[in-house]
Amino acid sequence: QVQLVESGGGLVQAGGSLRLSCAASGSIAGTIAMGWYRQAPGKQRELVARITNVGRTTYLDSVKGRFTISRDNTKNTVYLQMNSLKPEDTGVYYCNVERLYYDYWGQGTQVTVSS
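Quick look at the structure, then.

Rules and cut-offs
Residues numbered from 1 in each chain as written. Predicted model: local features only at pLDDT ≥ 70, side-chain atom pairs only at ≥ 80, totals over all residues. Heavy atoms only, no water. Helix = DSSP H or I, 4+ residues; strand = E, 2+ residues; numbered from the N terminus. Rg over C-alpha atoms; globule rule 2.2 N^0.38 Å. Buried < 20%, exposed > 50% of the residue type's maximum accessible area, 1.4 Å probe, protein only. Areas by Shrake-Rupley, 256 points an atom, 1.4 Å probe, with all protein chains shown as cover. Core = buried A, V, L, I, M, F, W, Y, C linked by side-chain atoms within 4.5 Å. Contact = heavy atoms within 4.5 Å. Pairing = 2+ DSSP bridges. Axes fitted to C-alpha atoms, helices over the stretch in contact; angles between N-to-C directions.

Things to note about the overall build of the protein
Turning to step 1, where the next piece is worked out: Check the secondary structure of the protein and you find zero helices and eleven strands.
Turning to step 2, where the next piece is worked out: Taken from N to C terminus, the helices and strands of the protein fall in the order β-β-β-β-β-β-β-β-β-β-β.
Turning to step 3, where the next piece is worked out: Whereas a compact globule of 115 residues would reach a radius of gyration of roughly 13 Å, the protein reaches 13 Å, a difference of no more than 12%.
Turning to step 4, where the next piece is worked out: Seen through its principal axes, the protein has C-alpha atoms that stretch 40 × 25 × 20 Å.
Turning to step 5, where the next piece is worked out: Scored against the burial criterion, the 115 residues of the protein give a buried share of 41%.
Turning to step 6, where the next piece is worked out: With an accessible surface of roughly 6200 Å², the protein has 49% of that area assigned to carbon and sulfur atoms.

Regarding the nonpolar core
Across soluble globular proteins, you tend to see nonpolar side chains buried next to one another.
Turning to step 1, where the next piece is worked out: Counting residues in hydrophobic clusters, the biggest one holds 25 residues, and the most contacted among them are Leu-4, Trp-36, Phe-67, Val-78, Leu-80, Met-82 and Tyr-93.
Turning to step 2, where the next piece is worked out: With four residues, strand 3 (residues 18-25) is the single largest residue contributor to this core.
Turning to step 3, where the next piece is worked out: Apart from the residues within four sequence positions on either side, Met-82 is in contact with Gly-16, Ser-17, Leu-18, Leu-20, Arg-66, Phe-67, Tyr-93 and Val-111.

Overview of the sheet that holds strand 7 (residues 67-71)
Turning to step 1, where the next piece is worked out: Read across the sheet, four strands follow the order 1-3-8-7 without closing on themselves; strand pairing throughout is antiparallel. Edge positions in the sheet fall to strand 1 (3-7) and strand 7, since each has one partner strand and no second. Within this sheet the neighbouring strands show an average axis-to-axis angle of 15 degrees, counted without direction.
Turning to step 2, where the next piece is worked out: One ladder, built from six bridges, connects strand 3 with strand 8 (residues 77-82); its direction is antiparallel. Its bridge partner lying in strand 8, Ala-23 is registered against Thr-77.

Some details on unusual backbone geometry
Turning to step 1, where the next piece is worked out: For Ser-84, which is not a glycine, the phi torsion comes out positive at approximately 50 degrees.
Turning to step 2, where the next piece is worked out: Relative to the elements of secondary structure, Ser-84 occurs in the loop between strand 8 and strand 9 (91-98).

Comments concerning the environment of Gly-16
Turning to step 1, where the next piece is worked out: Note on placement: Gly-16 falls in the loop between strand 2 (10-13) and strand 3.
Turning to step 2, where the next piece is worked out: With 64 residues separating them along the chain, Gly-16 and Leu-80 place their C-alpha atoms 14 Å apart.
Turning to step 3, where the next piece is worked out: Not counting the four nearest positions on each side in its chain, Gly-16 is found in contact with Met-82, Asn-83, Ser-84 and Leu-85.

In short, geometric facts, not functional conclusions.
Structure representation (structure tokens):
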């Protein structure tokens, strides 16, 4: 019922910026939160940023002050603004929609930050 399409990834130099978008199609009524996760080569997937249905945000410590998560007023698109990017931010970024009993995931978008 819900499909997530991510865009905005790419290759940037350290200190640059990227803006990731995740567009949700289908009904998203009942969503508890939306978020972004990332997975670097050889590492487990980790939560980068999350925003609840009432606007509470959570960030990975290493991205605080550099990344900002937001969603539009219809709550069907979530964004991740990434500034002051570092090489350690490199990885595949996945959009997530959290429901009470089920989660939906996007296909992933590659972010590569060069020195």
